[in-house]
Amino acid sequence: MDAKLLKIIEFRKRDLNSLRELFLKVRKNTFVWADPKTFDLLDFDTQTKGEYILTALYDEKVIGFISVWMRDNFIHHLYIDEAYHKKGIGKALLKAATEKIKFPVVLKCLEKNIGAIGFYKKIGFIEKARDENENGSYILFELNQKTE
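What this report covers is the structure whose coordinates are included nearby. This structure is a prediction, so every number in the text was calculated from the model and none was measured. (Residues numbered from 1 in each chain as written. Predicted model: local features only at pLDDT ≥ 70, side-chain atom pairs only at ≥ 80, totals over all residues. Heavy atoms only, no water.)

**Observations regarding the pattern of salt bridges**
Step number 1: Within this structure, the stated rule accounts for 9 salt bridges.
Step number 2: Between Arg12 and Asp15 there is a salt bridge; the shortest N-O distance is 2.8 Å.
Step number 3: With a relative accessible area of 22%, Arg12 lands in the partly exposed category.
Step number 4: Judged by its relative accessible area of 6%, Asp15 is buried.
Step number 5: One salt bridge connects Asp45 with Arg20, and the closest N-O pair in it is separated by 2.6 Å. Here Asp45 is found in helix α2 (residues 43–47), whereas its partner Arg20 is found in helix α1 (residues 16–30), with 25 residues between them in sequence. (Salt bridge = Lys/Arg side-chain N within 4 Å of Asp/Glu carboxyl O. Buried < 20%, exposed > 50% of the residue type's maximum accessible area, 1.4 Å probe, protein only. Helix = DSSP H or I, 4+ residues; strand = E, 2+ residues; numbered from the N terminus.)

Here is the structure:
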């Protein structure tokens with residue numbers, strides 16, 4: 001992967017359809033325990049409404065995004081196209097987001113999402129609590145410093 005072709009940019013309306021499709025695809029592939037019929041193309045719009053969104057582009061193609069509820073420094077979504085996993089995209093999105101938000105940064109990750117849990121721990125997030133919501137058991141993670 002050529003790092004010069006990777007860009008992290010603020011949300012652009014022209015990327016909306018690509019972001020919707022990415023969100024739907026990654027959720028269906030990641031949350032295999034959930035009924036895929038409960039996911040909809042327009043979920044991106046409702047679940048990121050009012051959030052600060054950064055988009056990862058590789059050679060001008062949408063390959064990931066992060067959305068943050070700024071008031072609470074809460075990372076609501078971080079999704080990367082599976083073809084670009086383990087290439088530093090998630091880390092780049094987190095780094096760009098932490099330039100805009102205050103610490104500590106928090107997020108919730110479902111316990112069943114083993115890959116994401118490993119990623120967050122590797123980046124430096126610390127487990128603060130465990131709880132449950134309508135989606136199942138989750139871990140509340142906190143980050144207190146910028147990522148490298």
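That was the structure; now back to the text.
**Side note on the sheet that holds strand β6 (residues 126–133)**
Strands in a sheet are paired, the pairing made by backbone hydrogen bonds, and the direction either parallel or antiparallel.
Step number 1: One open sheet accounts for 7 strands, arranged β1-β2-β3-β4-β5-β7-β6; its pairing is mixed. Of all strands in the sheet, those bounded by a partner on one side alone are β1 (6–10) and β6. Ignoring which end each strand starts from, the neighbouring axes of this sheet average 25° apart.
Step number 2: With 6 bridges joining them, strand β5 (residues 105–110) and strand β7 (residues 136–143) adopt antiparallel strand pairing. (Pairing = 2+ DSSP bridges. Axes fitted to C-alpha atoms, helices over the stretch in contact; angles between N-to-C directions.)

**Details of a positive patch on the surface**
Step number 1: A cluster of basic side chains, namely Lys86, Lys91, Lys95 and Lys122, defines a positive patch on the protein surface.
Step number 2: With respect to the helices, strands and loops of the structure, Lys122 is situated in helix α4 (residues 114–123).
Step number 3: Residue class for Lys122 comes out exposed when judged on its relative accessible area of 76%. (Patch = residues over 30% accessible without salt bridge, like charges linked within 9 Å, V, L, I, M, F, W, Y side chains within 5 Å. Areas by Shrake-Rupley, 256 points an atom, 1.4 Å probe, with all protein chains shown as cover. Lys, Arg positive; Asp, Glu negative; His and termini not counted. Charge placed at Lys NZ, Arg CZ, Asp CG, Glu CD.)

**Some points on helix α3 (residues 89–98)**
Step number 1: Those residues of α3 that fall on the buried side of the exposure criterion are Ile89, Gly90, Leu93, Leu94, Ala97 and Thr98. With its buried residues spanning 165° around the axis, α3 presents them on a single face. (Arc of directions from axis to C-beta.)

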